[in-house]
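Read off the chains here:
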Amino acid sequence: MSATAAAAALGLTLSGCSSGGGTSGQSKDKLTWSMWIAGSADKAAWQKVADAVKKDGGAKVSIQGAPFEDYFTKLRTQLSAGSAPCIVSIQSIRAANYTDVMLPLDSYAKKDGVNLSEFDSTALNGMKVDGKLYALPYDTGPMLLFYNKDLFKQVGAKQPKPGWTLADFKAAAAKFKAAGKKMFASTIADMNLESMILGYNGGRVVKDGGTLDTSNAKFAKGLDWLASLVKDGVATQASSDTSAASNDFVSKKVGMYTDGPWSLLSQKGKVTFPIGVTTIPVGTSSGPSTFSAGSGFGVSKQCKYPDEAFKAVKTMTSQKVLQSLAEQGRAFPGRTAAQQAWYDNAHIDGVESVLKTAQKASTPLPSTKQGDQLGQLFAQYGIQAVNGQQSGAQTMKSIASQLGQ
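This report concerns the structure included in the present document. (Residues numbered from 1 in each chain as written. Predicted model: local features only at pLDDT ≥ 70, side-chain atom pairs only at ≥ 80, totals over all residues. Heavy atoms only, no water.)

Bringing the packing of helix 8 (residues 217-231) against helix 15 (residues 371-386) into the picture now. Packing of helix 8 against helix 15 brings their axes to within 8 Å, and their N-to-C directions diverge by 60°. On the basis of their axis angle, the class for helix 8 and helix 15 is oblique. Here helix 8 contributes Phe219, Leu223, Leu226, Ala227 and Val230 to the contact with helix 15, which in turn contributes Phe378, Ala385 and Val386. Considering only residue class, the contact of helix 8 with helix 15 consists of eight nonpolar, no polar and no charged. (Axes fitted to C-alpha atoms, helices over the stretch in contact; angles between N-to-C directions. Helix = DSSP H or I, 4+ residues; strand = E, 2+ residues; numbered from the N terminus. Parallel < 35°, antiparallel > 145°, perpendicular 65-115°, else oblique. Contact = heavy atoms within 4.5 Å. Nonpolar A, V, L, I, M, F, W, Y, C, P; charged D, E, K, R; others polar.)

Written as structure tokens, this is what we have:
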């Protein structure tokens, strides 16, 4: 999904096309593409993706960039002000917020002969809203647990295998506690939080159709479970700092934390210990035990050249391009045929087995028009629940009132 990779902001300006006449300044032979950009190296990598379109006989694609934190705010401004790029990068979990300004791509895919079955099914389904496809995915991934192999060995805990259970999680936690060390880094990041609870008891606050269920009793109990980990000394206290869990992991303060495959190779480069990866522990849930999400490329409704823009998107999500990104370690590909290149580049024992297990046990986190607000409310109220300052039920009641439910 590349959100973590975009944290190192370069401060590039998402300037858009010239103001005024829609997507003026663009033509059949010259299109603009908006993408979150983390720095000069990031921009150079994405420019190669843009250049692939011209090499494939398509339009010249110019990339515009913004730090991830600012990208969607500026994109919405562009799309509302009539200065939109033709090609738009979007996250699956945000797709529902942009159906009013992006084109459904089903008819374009059919017309252009795109075999949608070649895409990872969870990646493709994540890009659909109300059954319509709004982007072709370039990356995907289920939420996972990254762990410090040395710390697990040091405290005498078994290395967690893919498909491990809540009982296995508790057994490892007991070893860490006995050694006076924290096993798990708490977080209030919405997808991380929701995936842990989904695995724990199947509780979820976002239904399959994208509607919110803030009164879900299982989800509230899941928050109480996370609070119990903090109370028992198994987990760190949750922080408003979104990078705290990752930083605690890198600095060896905790044995594991939740993250996605889009961060795995960059984290591997940061740590000074052998990094392991495993699935979210399965508790009482009989269904999917983690959420997945991804990112992709779509076409703005303002674009005067949708056929040319879709052809560009087709090239940008082709097996050749996605395999190249995988070989660079940039993204776990949205096309199944390109995923082996990512595995081969990872050089992490067991990563292929883990990801395949997690994918089978995952479901796309549905996009909801209130998703951004829900994430903000988790940041505001979730910290009180995870740190034991109020119950999960009280927390969700507060969140529900803010959402008008």
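Attention now goes to the pattern of salt bridges. If the charged atoms of two oppositely charged side chains come close together, the side chains can form a pair. The full count for this structure, using the stated rule, is nine salt bridges. Across the pair Asp42 and Arg330 runs a salt bridge whose closest N-O atoms are separated by 1.9 Å. Linking Asp42 in helix 1 (residues 40-55) with Arg330 in the loop between helix 12 (319-327) and helix 13 (339-346), this pair joins segments that are 288 residues apart in sequence. On the basis of relative accessible area, Asp42 is assigned to the buried category, the value being 11%. Its relative accessible area of 23% is what places Arg330 among the partly exposed residues. For the salt bridge of Lys111 with Asp307, the shortest nitrogen-to-oxygen distance reads 3.6 Å. (Salt bridge = Lys/Arg side-chain N within 4 Å of Asp/Glu carboxyl O. Buried < 20%, exposed > 50% of the residue type's maximum accessible area, 1.4 Å probe, protein only.)

Turning to the packing of aromatic side chains, a few remarks are in order. Following the criterion strictly, the structure yields 24 aromatic pairs and no others. Between the aromatic rings of Phe72 and Tyr98, the centroid separation amounts to 6.2 Å while the plane-to-plane angle is 50°, which identifies the pairing as tilted. In this pair, Phe72 is assigned in helix 2 (residues 68-81) and Tyr98 in the loop between strand 3 (87-91) and helix 3 (106-111), connecting sequence segments 26 residues apart. Here Phe146 and Tyr257 contribute two aromatic rings whose centre-to-centre distance is 5.5 Å and whose plane-to-plane angle is 85°, an arrangement assigned as edge-to-face. Highlighted residues: Phe146 in strand 7 (residues 144-148) and Tyr257 in strand 9 (residues 254-259), separated in sequence by 111 residues. The exposure class assigned to Phe146 is buried, which follows from its relative accessible area of 0%. Given a relative accessible area of 2%, Tyr257 falls into the buried group. Through a chain of ring-to-ring contacts, three or more aromatic side chains come together here, namely Trp36, Phe68, Tyr71, Phe72 and Tyr98. The ring of Phe72 carries Arg94 above its face, with NZ or CZ at 4.3 Å from the centroid. Here Arg335 stacks its cationic end above the ring of Phe119, 4.3 Å away from the centre of that ring. (Phe/Tyr/Trp six-rings, centres within 6.5 Å; stacked < 30°, edge-to-face > 60°. Lys NZ or Arg CZ within 6 Å of the ring centre and 35° of its normal.)

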